[in-house]
Amino acid sequence: MSPLLTKLARGVVIFVLVCFALLGAGLSFLHSPFFRYPADGEYPPPHINELIWPTLGYPAMVIPGGELTVELDLWTGEESRQEDVSGWHSYLAPSRSDLDGLVYELELEDARTGTSERWPYRSREGRSEEVWHLSFRLPEEVTPELYDLRVECDSEGGRISDGQPHAVAVTPQEDGDFTFVTLSDIHVHERDNSTLFATQTDKGISIDGDPLFLAEAIRQVNLIRPDFVLMLGDYIRGQRRPGELLSEYERFYEAMLQLEVPAFLLPGNHDGYVNEIDGLRWFENNIGPLYYSFDVGGCHFTCLNTYEWPEDDRLVMNKLFYMEPRKWQGQVLGAEDEEDPSTYYGQLAWLEEDLAANRGAPLEVVALHHDPYTPDGRGYSYANVVYGLVYVSAGGGQGKLALLDTVSRHGVDAVFGGHRHTDEIAWVPWEGGGGETMYSCQTCVYFDQGGESDHYPGYRLVEVEEGEITSYAYLDGVSSYPFYDGSVPGGITDLDEIDIPSLDVQILQTSMESEPHIVLEIENYLAVAMELEGIVVEAPAPPPGGYTVTGGELFRSVEIPARPGRVLLYLKTKVRAGTPGVGWEDPGEPAVKTITVEPARG
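Values in this document were obtained by computation on a predicted structure and should not be read as measured data.

## Re the overall build of the protein
From N to C terminus, the protein includes seven helices and 35 strands. Relative to its length of 602 residues, the protein is compact, with a C-alpha radius of gyration of 26 Å against a globular reference of 25 Å. Projected onto its principal axes, the C-alpha positions of the protein cover 110 × 65 × 55 Å. Taking all 602 residues of the protein together, 57% fall into the buried category. Of all intrachain contacts in the protein linking residues separated by at least 6 positions in sequence, the fraction that spans at least 24 positions is 70%.

Dropping the structure here:
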C-alpha cells in the first residue's frame, strides 16, 4: 500500500473513532444526572385517605344481598385512632348522575382489626400495620349498577367520614360466564407535546387540553358494558414539560369518572415517572396498590407492577430536544436467582404465594404492563436499547425470567400486557405439560404519533364461558378491536384520517308524555356482530301494560329519584356485522339496528 493510501486509511479510522467517541459522550450526557426535571413538587390532597379498599382503581364486585368487607386505615401518621371508634355506617350511591338521590344503607355484620388483605405491602406514608375490616350486608333490592361508597364512624376526635367513587359494582348472580375489556397505553397528554426526536399528534386532544380520544373510548366501552375493564398501564405521558405529569393524571382521573363499569388498574412506566412528583406515589395516593389480585366468577386475576426502578432511574431528564427517564423498560425486583423460587422476595414472593393459593381456579390470568414474552423469544419489554452500537439505554431490567418461570410452573392461562403498542399473541407450554399460557400484547388507545402506522386506537374484548377464555381478538385471532372505522388490522392505518366511531348510538325520537315513544339507531362498522348491553335512556314511568321493545330487550327499569314519574330503561341488543372501510378514502358501510320503545298494546 502506498504511503498516501496508508495515511488516508489511518485518517478514516481516526475520524470514525472520534465520531463514535463524540456519539458516546453525547448520549452519556443525555442520560447523566445533569439537567434533570425537578422532583420537589407538592402533592395535591389524595383521593385515598381512611377508606383504602375498595377504590376507583381496585373496586369490589358483589351481588345483591351479598357481603362487602371494606378496609379502613385510621392511622393519622402520628397516632392511631384504631381503637377509639364506634357507630359504623356505610352507604352506596349510584355513580350514574341520573340516579342522584338513590342511596342504600348497608347493614354492619362484623368489625375487626388486622393486617390488610387488599394491599400486599404497606409502603404508603402514614399507614399503620393494622386496619379495620368492616363487613356489611347489601340489601336484596339494590339495583345492579356502579356505586360510590361512603363509610362513617364516631371517634374521640369527632366524626370520621370517607368515600371512594366508582368503588363498588353490584352485579347479577356470579357465574363463570363474563366479559371484560382490556385497555393499554392511553397516554393522556397535553397539546404541542412533540419534540425533535419524538412526534406526538394533537389529534384527539381539544384546544382546552381535554382527552377527547379517551372520552370516545369510554363511550364505546360503556355501550358494550362488559362486566369490568382491565387497564394495563401508561395512562399519561408525563415527560415533555416539568409538572405536566400531575395535570395529565388529573385529567385522566376526571375522565375515569365517566366510565360506567368497574375498572381494575395497574401502573405502566409513564405512570411511574418522576416529574416534580413521583408518579407511583400519586398512583398509590389516588388509584390503589401497585400490585394486587381479585376474583370474578371463581376466576382469579393477578395484577402486577412491572416498573420497579429506583426513583433516580424514573426521573425524567431535559437535555436539549431529548426528554425521557433513564429507564423505561420493565423490571420486577425480588429474586436473588430468577430461576430459583426459594430466593424470591418482595413482589415476586407475593406472586408465588398468590398463584399457589389459587391454583384450583378454573381460570388464572396475570395482567401487567411489560409483557415478558414475545413470539421471537426476546421479551423485548425487558431488553436494553442500543444506540449506534455505542450507548445502551432504556432498561435491561430484571424479572423477565422469574415471571416466565412462575407463570409456567403455576399453569397460568393468560397473560395480558401492553407497552409496545402492537398486537401479538403467543402460546407457551406449561412446565410439565398439561396446557399452555397465552401471552397477549395489544395496541394503544390514543393516536400515538399520527400519520401512517401499523397500529390504531383499539381494545381487546375478552369473553369467558364456564371459566374458559373463548374469544380475545378481532377477525384474525391476533388484532385488537378498533375504536374507529378505517383502521386496518394487520396493515397500515392513516391515524390522521380516521374519525368515524366503530360503534355509535343515536336517539332519533324521544318519549312524549302523552304517548311514550323512543326510537334509537345503532351503527356498527365492525366486521363482527356486537352484543351491546349499555344502552340507557330516560322515559316516563311504564304505562299499566308496560313497554314493548322492538329490536332489543328491556332488562331493567329504575325510577329516577329526582324526577318522579320518570325512569331509566336499560336496553340490550345484538347488531349484525358491518362492512368496515379499508381507509379514509373508502369508508365502511355500517350495520344499522333500530330499537323502538312504546307502550304495549292491549
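After presenting the structure, the write-up continues.
## As for the pattern of salt bridges
Applying the stated criterion across every chain yields a total of 24 salt bridges. The closest approach of N and O atoms between arginine 191 and aspartate 202, which form a salt bridge, is 3.8 Å. Remark: aspartate 202 occurs in the loop between β9 (178-183) and α2 (212-224) and arginine 191 occurs in the loop between β9 and α2; sequence separation between them is eleven residues. Under the relative-accessibility criterion, arginine 191 is labelled partly exposed at 25%. Its salt-bridge partner being aspartate 313, residue arginine 326 comes within 3.6 Å of it at the nearest N-O pair.

## Structural notes on a negative patch on the surface
Where like charges cluster on the molecular surface, the negative patch consists of Glu174, Asp175, Asp177, Asp227, Asp295, Glu465, Glu466, Glu468, Glu531, Glu533 and Glu553. Relative to the helices and strands, glutamate 468 resides in strand β26 (residues 468-471). Glutamate 468 gets classed as exposed once you look at its relative accessible area, which sits at 53%.

## Remarks on the nonpolar core
Counting residues in each nonpolar core, the largest one holds 103 residues, and the members touching the most others are Met231, Phe252, Tyr459 and Met530. Met61, Val85, Trp88 and Ala473 belong to the second-largest nonpolar core, a separate cluster that totals 56 residues.

## Points about the sheet that holds strand β35 (residues 591-599)
Across the sheet, which stays open at both edges, the four strands sit in the order β29-β30-β35-β32 with antiparallel pairing between neighbours. Each edge of the open sheet carries a strand with a single partner, namely β29 (503-509) and β32 (547-550). Adjacent strand axes in the sheet meet at a mean angle of 15° when their direction is disregarded. Pairing between β29 and strand β30 (residues 518-524): six bridges, direction antiparallel. Residue pairing in the sheet places isoleucine 507 in a bridge with leucine 520 of β30.

## Brief notes about the pairing of strand β33 (residues 553-559)
Regular strands have side chains that alternate between both faces of the sheet. Two elements, β33 and strand β34 (residues 566-575), share six bridges in a ladder whose sense is antiparallel. For arginine 556, the partnering residue across the bridge sits in β34 and is tyrosine 570. Between the antiparallel neighbours β33 and β34 lie six residues, among them glycine 565 with a positive phi of about 85°.

## A closer look at the sheet that holds strand β1 (residues 51-53)
What holds strands together in a sheet is hydrogen bonding between their backbones, with the strands either parallel or antiparallel. Spatial ordering of the open sheet is given by β1-β3-β6-β5-β4-β7-β8-β2, a layout of eight strands whose pairing is mixed. Looking at the sheet topology across the chains shown, the edges are occupied by β1 and β2 (60-62). Across this sheet, the average inter-strand angle for adjacent strands is 40°, counted without regard to direction. Two strands pair when backbone bridges link them, and β2 and strand β8 (residues 158-170) are joined in this way by three bridges, in the parallel orientation. Counterpart to methionine 61 in the pairing with β8 is alanine 169.

## A look at the packing of helix α3 (residues 244-256) against helix α4 (residues 279-286)
One way to put it is that α3 packs onto α4 with a least axis distance of 11 Å and a crossing angle of 30°. Considered as vectors, α3 and α4 are oriented roughly parallel to each other. Between α3 and α4 the crossing geometry is right-handed. Seen from α3, the contacting residues are Leu245, Leu246, Tyr249 and Tyr253; seen from α4, they are Gly279, Trp282, Phe283 and Asn286. Among the residues making up the contact of α3 with α4, the classes are represented as six nonpolar, two polar and no charged.

## Side note on the side chain of histidine 419
In this fold, histidine 419 is placed in the loop between β21 (414-418) and β22 (424-429). Of note is the side chain of histidine 419, whose polar atom sits 2.8 Å from the side chain of glutamine 329. A polar contact of 3.2 Å, which involves the side chain of histidine 419, links it to the side chain of histidine 369. Apart from the residues within four sequence positions on either side, histidine 419 is in contact with Ser184, Asp185, Asn269, Trp328, Gln329, His369, His370 and Ser381.

## Some words on α2
For α2, which comprises 13 residues, the first-to-last C-alpha distance of 19 Å matches the rise-based estimate of 18 Å (1.5 Å per residue) to within 8%. Most of α2 sits inside the fold, with ten of its 13 residues counted as buried. Every buried residue of α2 is listed here: Phe213, Leu214, Glu216, Ala217, Ile218, Gln220, Val221, Asn222, Leu223 and Ile224. For α2, the elements touching its buried residues are β9, β10 (228-231), α3, β25 (458-465), β29 and β31 (530-540).

Calculation rules
Residues numbered from 1 in each chain as written. Predicted model: local features only at pLDDT ≥ 70, side-chain atom pairs only at ≥ 80, totals over all residues. Heavy atoms only, no water. Helix = DSSP H or I, 4+ residues; strand = E, 2+ residues; numbered from the N terminus. Rg over C-alpha atoms; globule rule 2.2 N^0.38 Å. Buried < 20%, exposed > 50% of the residue type's maximum accessible area, 1.4 Å probe, protein only. Contact = heavy atoms within 4.5 Å. Salt bridge = Lys/Arg side-chain N within 4 Å of Asp/Glu carboxyl O. Patch = residues over 30% accessible without salt bridge, like charges linked within 9 Å, V, L, I, M, F, W, Y side chains within 5 Å. Areas by Shrake-Rupley, 256 points an atom, 1.4 Å probe, with all protein chains shown as cover. Lys, Arg positive; Asp, Glu negative; His and termini not counted. Charge placed at Lys NZ, Arg CZ, Asp CG, Glu CD. Core = buried A, V, L, I, M, F, W, Y, C linked by side-chain atoms within 4.5 Å. Pairing = 2+ DSSP bridges. Axes fitted to C-alpha atoms, helices over the stretch in contact; angles between N-to-C directions. Parallel < 35°, antiparallel > 145°, perpendicular 65-115°, else oblique. Left-handed = near helix turned anticlockwise from the far one by under 90°. Nonpolar A, V, L, I, M, F, W, Y, C, P; charged D, E, K, R; others polar. Polar contact = N/O pair within 3.5 Å; in protein donor to acceptor, adjacent residues only side chain to side chain. Expected span 1.5 Å × (residues − 1).

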